[in-house]
Amino acid sequence: MRTISGLWRWRHNPLRRATDLAEAWLALAGLVLILVLAPLAGVLVGGVTEEALQRSAREQQAARHRVTATVVREVKHSPLDVDPESASGGAVRSRVIAAWRGPDGSRHEGPVVAGGARPHRGGHFPMWTDAHGGPVARPLDPAAATVHAVLAAAGTALAAAALVETARRVTLWRMVRRRHARLDREWERAGPDWGRTGAGS
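Bear in mind the structure is a predicted one, so any value in this text is a computation, not a measurement. (Residues numbered from 1 in each chain as written. Predicted model: local features only at pLDDT ≥ 70, side-chain atom pairs only at ≥ 80, totals over all residues. Heavy atoms only, no water.)

1. Some points on the overall build of the chain
- Within the chain one finds three helices and six strands.
- Its helices and strands taken in sequence order, the chain reads α-α-β-β-β-β-β-β-α from the N to the C terminus.
- Burial analysis of the chain (201 residues in total) assigns 26% to the buried set.
- Sequence separation of at least 24 residues holds for 61% of the intrachain contacts in the chain that already meet a minimum separation of 6.
- On the chain, roughly 13,500 Å² of surface is accessible, and the fraction owed to carbon and sulfur atoms is 62%. (Helix = DSSP H or I, 4+ residues; strand = E, 2+ residues; numbered from the N terminus. Buried < 20%, exposed > 50% of the residue type's maximum accessible area, 1.4 Å probe, protein only. Contact = heavy atoms within 4.5 Å. Areas by Shrake-Rupley, 256 points an atom, 1.4 Å probe, with all protein chains shown as cover.)

The following block contains the structure:
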């Protein structure tokens, strides 16, 4: 809002100083940059991020395979874990010893994280593996990739707007300091004669 309020200095006024006009130009430049540069930066970063994340999601979907694992036993004193990317937004998971077959038919057994708060022995749950049957994280979901890209775009736009406004304020602060320094020098030259006899006051 201060950027917009600086535009009042454009008004014609016989008392308007050159510095007032410079501050008006600064306010206008800041407003244009915020309205044009910030959204443009957000769109560019969002587009690049979306493309990179979607490519990564496609690669992960192609390289990772969903298999069914069987619980052999639960790991004792296993802390419960929360899956932040689950559909419910916070599915509870626990660590177990499980057995499964890889996409190539190989048998595997080892500690993995299973869905469900307390999986029982012999229970089944889905998991993701690589081409050799090694456990891997679930592949990135295309919808989640889009959400991350939108957040990156919004964050970039806000950061660009904040950067422009910060630069405008710093420049304005320096202009005001120079103006005050100039007024102080003029005051020092004129001040000592004020109130003296014959000084015209």
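2. Quick notes on the pattern of salt bridges
- The tally for this structure, following the rule as stated, stands at three salt bridges.
- For E165, the salt bridge identified is with R169, shortest N-O distance 2.8 Å. On the criterion of helical spacing, the pair formed by E165 and R169 is a turn pair, its members being four residues apart in helix α3 (residues 142-190).
- By sharing partners, the salt bridges in this structure join E165, R168 and R169 into a single network. (Salt bridge = Lys/Arg side-chain N within 4 Å of Asp/Glu carboxyl O.)

3. Looking at the side chain of T129
- Relative to the elements of secondary structure, T129 occurs in strand β5 (residues 124-129).
- T129 sits in the buried class, given a relative accessible area of 0%.
- Ignoring sequence-local partners within four residues, the contact set of T129 consists of A63, R64, H65, V67, W100, P103, G134, P135 and V136.

4. Examining a positive patch on the surface
- Judged by side-chain charge, R174, R178, R182, R185 and R189 come together as a positively charged surface patch.
- Mapping R185 onto the fold places it in helix α3.
- According to the relative accessible area criterion, R185 is partly exposed, its value standing at 46%. (Patch = residues over 30% accessible without salt bridge, like charges linked within 9 Å, V, L, I, M, F, W, Y side chains within 5 Å. Lys, Arg positive; Asp, Glu negative; His and termini not counted. Charge placed at Lys NZ, Arg CZ, Asp CG, Glu CD.)

5. Some remarks on the confidence of the model for the chain
- Averaged over every residue, the pLDDT of the chain is 80; the share at 70 or more is 75%.
- No element of the chain has a lower mean pLDDT than strand β2 (residues 81-83), which averages 48, and none a higher one than strand β6 (residues 135-136), which averages 92. (pLDDT = per-residue confidence, 0-100.)

6. Some points on the environment of H132
- You can see H132 is positioned in the loop between β5 and β6.
- Placed 25 residues apart in sequence, H132 and R107 show a C-alpha to C-alpha distance of 9.9 Å.
- Setting aside its immediate chain neighbours within four residues, H132 contacts D104, S106 and H108.

7. What about the nonpolar core?
- Within the largest apolar cluster, 10 residues are counted, these being V67, A69, V71, V96, A98, W100, V112, A114, F125 and M127.
- Elements supplying a minimum of two residues to this core: β1 (65-74), β3 (91-101), β4 (107-115) and β5.
- For A69, the residues in contact, after removing those within four places along its chain, are A98, A99, W100, G123, H124, F125 and M127. (Core = buried A, V, L, I, M, F, W, Y, C linked by side-chain atoms within 4.5 Å.)

8. Let's talk about the pairing of β5
- Relative to β5, β1 runs antiparallel, the two sharing six bridges. In the sheet register, V67 faces β5, and the bridge partner there is M127.
- Bridge analysis of β5 against β6 gives two bridges, and the strand direction is antiparallel. Of the residues in β6, the one forming a bridge with W128 is V136.
- In textbook terms, the turn of a hairpin is the stretch between consecutive antiparallel strands, and for β5 and β6 this stretch comprises five residues, one of which, G133, has a positive phi near 95°. (Pairing = 2+ DSSP bridges.)

9. Some points on the environment of R121
- You can see R121 is positioned in the loop between β4 and β5.
- In sequence terms R121 and V71 are 50 residues apart; their C-alpha atoms lie 5.1 Å from each other.
- In this structure the side chain of R121 is engaged in a polar contact, spanning 3.4 Å, whose partner is the backbone oxygen of V72. (Polar contact = N/O pair within 3.5 Å; in protein donor to acceptor, adjacent residues only side chain to side chain.)

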